Amino acid sequence: MKIIETTEELKNFCQTLNRQNFITIDLEFHREKTYYAKLGLIQIACSDDEAVIDPLSQKINLEPFFAILKAPHITKVFHSCRQDIEILYFLAGFVPAPLFDTQIAAQVCGLGTSISYENLVRHFLNIKLDKSCRLTDWCRRPLDKKQLEYALSDVTWLAKIYPLIKNFLRQSGREHWIDEEMQSLLSPENYITNPADAWKKIRHRSHNAKTLTLLRDLAQWRELLAQKKNLPRQNIIRDDCLVNIAVLQPRNIEELAQIRSMRQDIAKGSLGREIIAVVTKAGEYTPADYVKLPEEKNNDNEDLCELLKLLLNIKSRQENVTARLIASEDDLKDFADGRETNLPFLSGWRFDIFGKDAVCLRSGTLGIRYDTQSKSIGFSHLPPTH
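So, a few notes on the structure that sits alongside this text. These figures come from a predicted structure and were not determined experimentally.

Some points on the sheet that holds strand β2 (residues 22–30)
One open sheet accounts for six strands, arranged β1-β4-β3-β2-β5-β6; its pairing is mixed. Only two strands of the sheet have a single neighbouring strand rather than two, namely β1 (3–4) and β6 (99–101). As judged from the three bridges shared by strand β5 (residues 75–78) and β6, these two strands associate in the parallel manner. Its bridge partner being in β6, Lys76 is matched across the sheet by Leu99. Against the sheet, helix α3 (residues 82–92) touches β2, β3 (38–45), β5 and β6, its axis set at about 85° to β2.

A look at the packing of aromatic side chains
This structure, assessed with the given rule, holds ten aromatic pairs. Ring plane angle 40° and centroid distance 6.1 Å describe the contact between Phe65 and Phe66, whose orientation is recorded as tilted. With centroids separated by 6.0 Å and ring planes inclined at 5°, the aromatic side chains of Trp138 and Tyr150 adopt a geometry described as stacked. Taken together, the positions of Trp138 in the loop between α5 (117–125) and α6 (145–171) and Tyr150 in helix α6 put the pair twelve residues apart, joining distant regions of the chain. Each of the two residues, Trp138 as well as Tyr150, counts as buried. Within the aromatic cluster, the residues linked to one another by ring pairs are Tyr35, Tyr36, Tyr89 and Phe90. Here the guanidinium or amino end of Lys70 rests over the ring plane of Phe94, the centre of that ring lying 4.9 Å away.

Cut-off values and rules
Residues numbered from 1 in each chain as written. Predicted model: local features only at pLDDT ≥ 70, side-chain atom pairs only at ≥ 80, totals over all residues. Heavy atoms only, no water. Pairing = 2+ DSSP bridges. Helix = DSSP H or I, 4+ residues; strand = E, 2+ residues; numbered from the N terminus. Contact = heavy atoms within 4.5 Å. Axes fitted to C-alpha atoms, helices over the stretch in contact; angles between N-to-C directions. Phe/Tyr/Trp six-rings, centres within 6.5 Å; stacked < 30°, edge-to-face > 60°. Buried < 20%, exposed > 50% of the residue type's maximum accessible area, 1.4 Å probe, protein only. Lys NZ or Arg CZ within 6 Å of the ring centre and 35° of its normal.

Okay, here's the thing in structure tokens:
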């Protein structure tokens, strides 16, 4: 097992990587006590080499690795890559490319929407992974041999699985089916949190524009503070407390302190004063400044939407591809309501296996039948009704 702790060792390893057409990458990190993830290890494998890179070493500069991430002739293979790419984006300042995510590709192989790495290895290699080291503190030093081998296994098996997935995609003519998803991973917008949008991730039941506008401002205030202090959002103030403040809109510290789940040290300290300042400013808004509430969905087409879901599930099983990759529930609702702009399943391979029959179903010219002898579902095209 190769452990890289110096820039010179990294340069030598990257010379090997530069001769590859793909490499597999995984990161070990922690973010339980910080806003930004703290990187503990970088694991990399290719067809004929593998290594663990120690990014915490005082003797290493990661620039040779960053150059590999930029190399256009090397496909960077991850499993469930979004968090890893986010960390690399903030470290290196760019999104590695080209990218391949085996969790996304597994959807085309009929393995579900978010298959775990453990189940992926079991499916393709019939190997059960040892997960005894999964709770390791990867920022602690030294790490023992068993921990390092465990970390390295996240890329060594992936280096064997990637060619198998590529071969399946090639033989089934489905290589282009996931192009759109892989391309979307390259957008930096996926990895940058806009504080003004932080409120959209908070669970609430309010449909009041004024309340939601205050929740937006409170969430933005907390997000900026969490970034500045490098602390988890919930360590600043919990989601449920932000929602309660937005609903009750306290006018002073005394009212703030009486809100359910509000910590008294927060209410009566500097954060309490900042919260009241946010509430006061939001109180000066006019309705034109409020967040725009989403349009209410039309319930007149619920039956059609249920039939579309049925058709989608049938087609996904027949084609052995995850239904969510073909169309989302929101896509089906928009289609049922006649909102067809930019619906993915109305073009390309999605149209071929689902969209064209969805159009016929909506127009009343598609019949679904069950064959009792073959125990299979079939379709028939009917003349249009007048």
